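# Understanding the architecture of this molecule
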Amino acid sequence: MKEEKQSGMTFIVKTITNLIVGFMLVFGAYVVLYGHITPGGGFPGGVMIALTYILITLAYGRKVVESIVSGVTGSIMDDIGAIAIIILGFIGLYIGGTFLFNFLPKGTPFNLFSGGYIILYNLAIMLKVGMSLYIVFLALAILQRVVTTRDETKEAGK
Amino acid sequence: MTLYFLNFVLLIIGLYALVVKRHIVKKILGVAIMEYAVNLFLILLGFKKSGIAPILTEDMDLRTFIHTAVDPLPQALVLTSIVIGLGTLALMVAMAIRLYERYGTFDMDEINRLRG
Amino acid sequence: MGALLPLFTAIPVFSAILMLIVGKFDKKNFPRIWSILTSLSLLFILAAIWDKGTIIHEMGGWKPPFGVVLVKDNLSQFMLLIVNIVAFLTIIYSYVYMKKFEDYLRFFTLFLFMLAGMNGVVLTGDLFNLFVFLEIASIASYALVGYGVDAEELEASFKYLILGALASVFILFGIGMIYSLTGSVNMADVARFIIKNNLGNNNALLMATGLFIVGFGLKAGLVPFHAWLPDAHSSAPAPISVMLSGVLIKVLGIYAFIRIFYCVIGITPVVSNIFITMGVISMLVGAFMGFGQDDMKRMFAFSSVSQMGYIAVGIGIGTPFAIIGALFHLLNHAGFKSLLFLSSGAIETSTGTRNLSELGGLGKKMPVTSAASVIGSLSIAGVPPFNGFWSKLIIILAAFSAGYVWLGAILVLTAFLTLAYYLRFQKNVIFGEPSSNVKDAKEAPLLMLLPIIVFAIFCLLAGIFNGWIISNIVIPAQSIILDQLGYISSVMGI
């Protein structure tokens, strides 16, 4: 006889998750977009955005987060980020003669739109890293579900 | 000098966990600790006593920036190395879960069918 | 012309990700055909930059030592030839072989990432860039080794994974030590700094040397770091065994050794002696352990350890003649070891087993595969007129002429041991009466036979035309190795 398991965590965790998720997403976007002026960039910003989805997974359970961003959507966004990185490199090869040539105008320092194509790179890396972490976590969660059901059937069969 | 010595102690702790412990997850944590130790070593190479972070703000003179900032090149190298370590760690954990499915145990001494 | 260099890594990565996107709609045919097209295009680009001297490409327009440079000199071109041709033939082979795993998409994606990583290791001129590409190739190979669903394959892959991660940690530590000494990670800049300040015996440099020997020795599979090699090479699917044993341990281990110790740090007698010692022990351990194996692929894996020992001895001796022998043996080993592993895959597909005690009499049932594996065994054992004889002869003569009499004797002894256990393989598998597993065996499909035949023809032709191959392909590579100042001046432009 199996009891109905309550998915996710307690009410306190769910309330705090509701409050924090918006802040985390905005802060992650800030770290990504201002990556060429303040420390940060694609990778830490991507990790923060992935952590947002992981927090929702831990607090609410896998089914809720899969209705927001499913595994297939995450995988496609991951591939789009990776293709964008390579295509930017090829555009640099075509325009400037060397791979990864900085082909956008560089503007005045300390402005948002300065530093050439670094901002585009930060966005592509954010997509790639964020979605990769999220998909890896989802895959491990699915694997863990397989292992625990196998353990439960072994326990029940003993 | 003591900083480098303590860093080396961290590396040795990671190596000890990798070699001596029998549980797979502890071995994985040993590899993770060793990677942390090497990343910390790379950052320590650029350390300067009473130096500032290598961020250029609008009101800073370029000359003072060069003289007082810590070395930014190892920090860029370490960013890449952390990402690589993350990839390896994810692969190791996935492999450990699949090993548990197949063998039913986390003990490395029993997962030893290939011999000779 | 230099703009073609980054394509060697960019095109496989782009193809891999494109295959991931399109593969959501078409899982079966698109990955295989697109991988063949990618590998073919890389061969065309290689033909375009062949023998054009040293080409430099500065990434992003930044000049060295501030930026990352890609350098193609004669040694890189030699390794690129080996890597890309073996990869192309392996992709053709795995078109049919991977049918039993039913997951073409992930296999070919990881395969292309591994190819991109190996191309990057060979073409780079920057120490940290070498580490990054080495990691890309290694992580792809960890995932590919554990591709099966049996228990033993997972254990082998896990062992390989842990030891490979340990090696990478040591290599990064060594790169950190060199950065602390010279203030730069560009290879030519480090070499110039070491020569100008005469830092040959600096303690930091000695520690970096030790760390590199441990790290790259683990990747190359030399004794005492060979523990992962038999398990990983025998448990992986046959095309991955070919890539691992035929190219990966050479590119990540031997090529990195040559590049760092001959072109960057500078070779000293201590390092040479360490190489020779590790090489001799590897040869003997590989040869003796190869006798007691029942599994065909495990025997081939121990034989790989033994042949890596030959190459390490050749590099350790250090005279131009010895290096020519070592590089020629590297090329030959890629040829005949790939042939042997591919034929073992064909045998396993047809009969369902790899154990020597259960096979026998395949010569009548699978004529082409048996003939090719006979050619492969004779080549690796060093029987004239196949190519293994010439490369081993050059190394043995170089050892005697450099004054290492005992070393030459051990080399000759190992050659006889190699002949012995390959004759055992021949007797058990090819000749004799057909055993119960072999009764229903049919010849392998055509796409699996084509690469086997190509490699067999290569072994024969490389033995007959060895003079042409040595003077046009090997000697330019060897002249780069001993010319440290030439390397520095061509990269830094002094």
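That block above? That's the structure.
Residues numbered from 1 in each chain as written. Chains lettered and ligands numbered in written order. Predicted model: local features only at pLDDT ≥ 70, side-chain atom pairs only at ≥ 80, totals over all residues.

### A few points about the overall build of chain B
As a reminder, the rule being used: Starting at the N terminus, helices and strands are each numbered in turn, a helix being any DSSP run of H or I of at least four residues and a strand any DSSP run of E of at least two. For a compact globule the rule gives 2.2 Å times the number of residues to the power 0.38, and the radius of gyration it is set against comes from C-alpha atoms. The exposure scheme places C-beta atoms from the backbone and then counts, for each residue, the other C-beta atoms within 10 Å of its own, assigning buried at 20 or more, exposed at 12 or fewer, and partly exposed in between. Contact definition: two residues whose C-beta atoms, as placed from backbone geometry, lie within 7 Å.
Scanning chain B for helices and strands turns up 4 helices and 0 strands. Overall, chain B shows an N-to-C arrangement of helices and strands of α-α-α-α. What you see for chain B is a C-alpha radius of gyration of 20 Å, clearly larger than the 13 Å of a compact globule of 116 residues, by over 25%. By its C-alpha atoms, chain B is 65 × 30 × 20 Å across when sized along the principal axes. Taking all 116 residues of chain B together, the buried fraction comes to 22%. Long-range contacts, defined as pairs at least 24 residues apart, comprise 55% of the intrachain contacts of chain B with a sequence gap of at least 6.

### Describing the interface of chain C and chain B
Where we set the bar: When residues are sorted by character, Ala, Val, Leu, Ile, Met, Phe, Trp, Tyr, Cys and Pro go into the nonpolar class, Asp, Glu, Lys and Arg into the charged class, and all the rest, Gly among them, into the polar class.
At the interface, 25 residues of chain C touch 26 residues of chain B. Counting residues per element, the ones that place at least two in the side of chain C that touches chain B are helix H5 (127–145) and helix H6 (151–182) of chain C. Of all the elements, H6 of chain C adds the most residues to the side of chain C that touches chain B, at 16 residues. Each residue belonging to the side of chain C that touches chain B can be placed in one class, and the counts come to 16 nonpolar, 5 polar and 4 charged.

### A few points about the packing of helix H8 (residues 203–220) of chain C against helix H10 (residues 238–265) of chain C
Residue and element names in this part refer to chain C. Just so we agree on the cut-off: For helices, the fitted axis covers only the stretch in contact; all axes are lines through C-alpha atoms, and the angles between them, taken along N-to-C directions, range from 0 to 180 degrees. Roughly parallel covers angles under 35 degrees, roughly antiparallel covers those over 145, roughly perpendicular covers 65 to 115, and oblique covers all other angles. Throughout, a crossing is termed right-handed when the near helix is turned clockwise from the far one, and left-handed when it is turned anticlockwise from it by less than a right angle.
Running from N to C, H8 and H10 cross one another at 160 degrees; their axes reach a closest spacing of 8 Å. Our classification of the angle between H8 and H10 gives roughly antiparallel. Once H8 is placed against H10, the crossing between them reads as left-handed. Contact residues: H8 offers Leu205, Thr209, Phe212, Phe216, Lys219 and Ala220, while H10 offers Ile249, Leu252, Gly253, Ile254, Ala256, Phe257, Ile260 and Ile265.

### Some details on H5 of chain C
Threshold: What a helix is expected to span follows from its residue count: subtract one and scale by 1.5 Å.
With 19 residues, H5 of chain C should reach 27 Å at 1.5 Å per residue; the first-to-last C-alpha distance of 27 Å fits that figure. The buried fraction of H5 of chain C amounts to 18 of the 19 residues, a majority that puts the element mostly inside the structure.

### What about the interface of chain A and chain C?
In this complex, chain A contributes 14 residues to the contact, which on the side of chain C involves 13 residues. Taken together, the residues of the side of chain A that touches chain C break down into 8 nonpolar, 5 polar and 1 charged.

### Overview of the nonpolar core
Put simply, the rule is: Joining buried Ala, Val, Leu, Ile, Met, Phe, Trp, Tyr and Cys residues through C-beta atoms within 7 Å gives a set, and that set is a nonpolar core.
Ranked by size, the top nonpolar core spans 222 residues in total, and within it Val83, Met118, Val121, Ala137, Val251, Leu327 and Ile395 of chain C carry the most contacts. By residue number, the principal contributor to this core is H10 of chain C, which donates 21 residues. In contact with Val121 of chain C, not counting residues within four places along its chain, are Leu130, Phe133, Leu134, Ala137, Val251, Leu252, Tyr255 and Ala256 of chain C. Formed by 22 residues, the second largest nonpolar core is a distinct cluster that contains Phe43, Ile49, Met126 and Ile135 of chain A.

### Details of the environment of Leu40 of chain B
On the secondary structure map, Leu40 of chain B appears in helix H2 (residues 24–45). Along the sequence, Leu40 of chain B and Ser81 of chain B sit 41 residues apart, while their C-alpha atoms lie 11 Å from each other.

### Description of the pairing of strand S2 (residues 69–72) of chain C
Residue and element names in this part refer to chain C. What counts, and what does not: Pairs of strands are assigned from DSSP output, requiring at least two bridges between the strands.
Neither face of S2 is exposed, since Val69 and Val71 on one face and Leu70 and Lys72 on the opposite face are all buried. Bridging between strand S1 (residues 55–58) and S2 involves 4 bridges; their strand directions are antiparallel. Looking across to S2, one finds that Glu58 is bridged to Val69.

### Observations concerning unusual backbone geometry
Cis geometry marks the peptide bond from Val223 of chain C to Pro224 of chain C; its omega dihedral reads 10 degrees. By the element assignment, Pro224 of chain C lies in the loop between H8 and helix H9 (229–235). Here the amide bond leading from Pro384 of chain C into Pro385 of chain C is cis, since omega sits at 0 degrees, within 30 degrees of zero. Mapping Pro385 of chain C onto the fold places it in the loop between helix H15 (367–381) and helix H16 (387–401). One non-glycine residue, Ser50 of chain B, lies in the positive phi region at around 50 degrees. When you line up the elements, Ser50 of chain B lands in the loop between H2 and helix H3 (62–68).

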